[in-house]
Amino acid sequence: MRYSEYNDQIKKQIYEKYTYIAGVDEVGRGPLAGPVVTCAVIMKKDSNIEGVTDSKKLKRKKMLELKEQILDDALAVSYGYANNKVIDKINIRQATLFAMKNAVENLNIKPEILLIDAERIDSNIPQLNIVKGDLNEYAISCASILAKIRRDDIMINFSKIYPEYSFDTNVGYGTKKHYEAIDNNGITPIHRLSFLKKYYAKQESFL
């Protein structure tokens, strides 16, 4: 099904036909460091938590509040991961698809259909890839929030190991202070070399 075909009528048909509908999303495609994290979640069909939307539009405090409500209404939740080594080996898109597939396969309830934010995975489960799904589809929004919190927590823990890089605030993204930390201290074992090679291509000292 094409992106443009996902509308209120199609959504109504899906929710009338299926019971176990999994929303799937990823967080962490763009950072210079850390993993990409995915989440697959099957929500109760009558779940309608106020404030659920694309995680990029929410502050952490609000997401933490919503997380507890989402978990209360979730029938099944699973996460998938691809670390920087995998990303460097197979590229960020393929790493994202790998992590999404893992999240789906690790659910303790098999979904009848997958609603995925703008991607398709290798699966025999029927699926729809929805543009801006994290904004426009409730189940995907729930997955987006859970994945975002999980990845942020991972990067906060990494900040305790590598405090110079401020991973607790930039969560691995390429801020000015992050680039300065790399210039001053070099790269860490969690940096994505494939993301940094182009930036440092003119610096003989890189790698």
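Conventions adopted
Residues numbered from 1 in each chain as written. Predicted model: local features only at pLDDT ≥ 70, side-chain atom pairs only at ≥ 80, totals over all residues. Heavy atoms only, no water. Core = buried A, V, L, I, M, F, W, Y, C linked by side-chain atoms within 4.5 Å. Buried < 20%, exposed > 50% of the residue type's maximum accessible area, 1.4 Å probe, protein only. Helix = DSSP H or I, 4+ residues; strand = E, 2+ residues; numbered from the N terminus. Phe/Tyr/Trp six-rings, centres within 6.5 Å; stacked < 30°, edge-to-face > 60°. Lys NZ or Arg CZ within 6 Å of the ring centre and 35° of its normal. Salt bridge = Lys/Arg side-chain N within 4 Å of Asp/Glu carboxyl O. Axes fitted to C-alpha atoms, helices over the stretch in contact; angles between N-to-C directions. Parallel < 35°, antiparallel > 145°, perpendicular 65-115°, else oblique. Left-handed = near helix turned anticlockwise from the far one by under 90°. Contact = heavy atoms within 4.5 Å. Nonpolar A, V, L, I, M, F, W, Y, C, P; charged D, E, K, R; others polar.

1. Structural notes on the nonpolar core
Residues Val41, Met43, Val52, Ile70 and Ile145 are the most contacted members of the largest nonpolar core, which totals 20 residues. Elements represented by at least two residues in this core include exactly strand E2 (36–43), helix H2 (60–73), strand E3 (74–82) and helix H6 (138–161). Looking at this core element by element, the count peaks at seven residues for H6. Ranked by size, the runner-up nonpolar core spans 14 residues in total, among them Ala22, Leu97, Leu107 and Ile116.

2. Remarks on the packing of aromatic side chains
Summed over the entire model, instances satisfying the criterion amount to two aromatic pairs. Residue placement shows Arg150 over the ring face of Tyr79; its charged tip is 3.7 Å from the ring centre.

3. As for unusual backbone geometry
Not every positive phi belongs to a glycine, and Ser166 is a case in point at roughly 55 degrees. Among the residues examined, Ser166 registers a relative accessible area of 18% and is labelled buried. One non-glycine residue with positive phi stands out, namely Val171, at about 45 degrees. Among the secondary structure elements, Val171 is positioned in the loop between helix H7 (167–170) and helix H8 (176–185).

4. Notes on the pattern of salt bridges
Throughout the structure, instances matching the rule amount to 11 salt bridges. The shortest N-O distance in the salt bridge between Lys101 and Glu105 comes to 4.0 Å. Taken together, the positions of Lys101 and Glu105, both in helix H4 (residues 92–105) and four residues apart, correspond to about one turn of that helix. Judged by relative accessible area, which is 26%, Lys101 ranks as partly exposed. Each member of the salt-bridge network shares a partner with another, and the members are Glu26, Arg29, Arg93 and Glu119.

5. Quick look at the packing of H2 against H6
At their nearest, the axes of H2 and H6 sit 10 Å apart, and the two run at 120 degrees to each other. By the criterion of interaxial angle, the relationship of H2 to H6 is oblique. Handedness of the H2/H6 crossing: left-handed. Residue-level inspection shows Arg60, Met63, Leu64, Leu66, Lys67, Ile70 and Leu71 of H2 in contact with H6, the latter providing Cys142, Ile145, Leu146, Lys148, Ile149, Asp152, Asp153 and Ile156. When the residues that make up the contact of H2 with H6 are grouped by side-chain class, the tally is 10 nonpolar, no polar and five charged.

6. Looking at the side chain of Ser144
Counting through the fold element by element, Ser144 comes out in helix H6. Note on Ser144: relative accessible area 1%, which makes it buried. Those residues within four positions of Ser144 in sequence are excluded, and the remaining contacts are Asp25, Val27, Asp54, Ser55 and Asp134.

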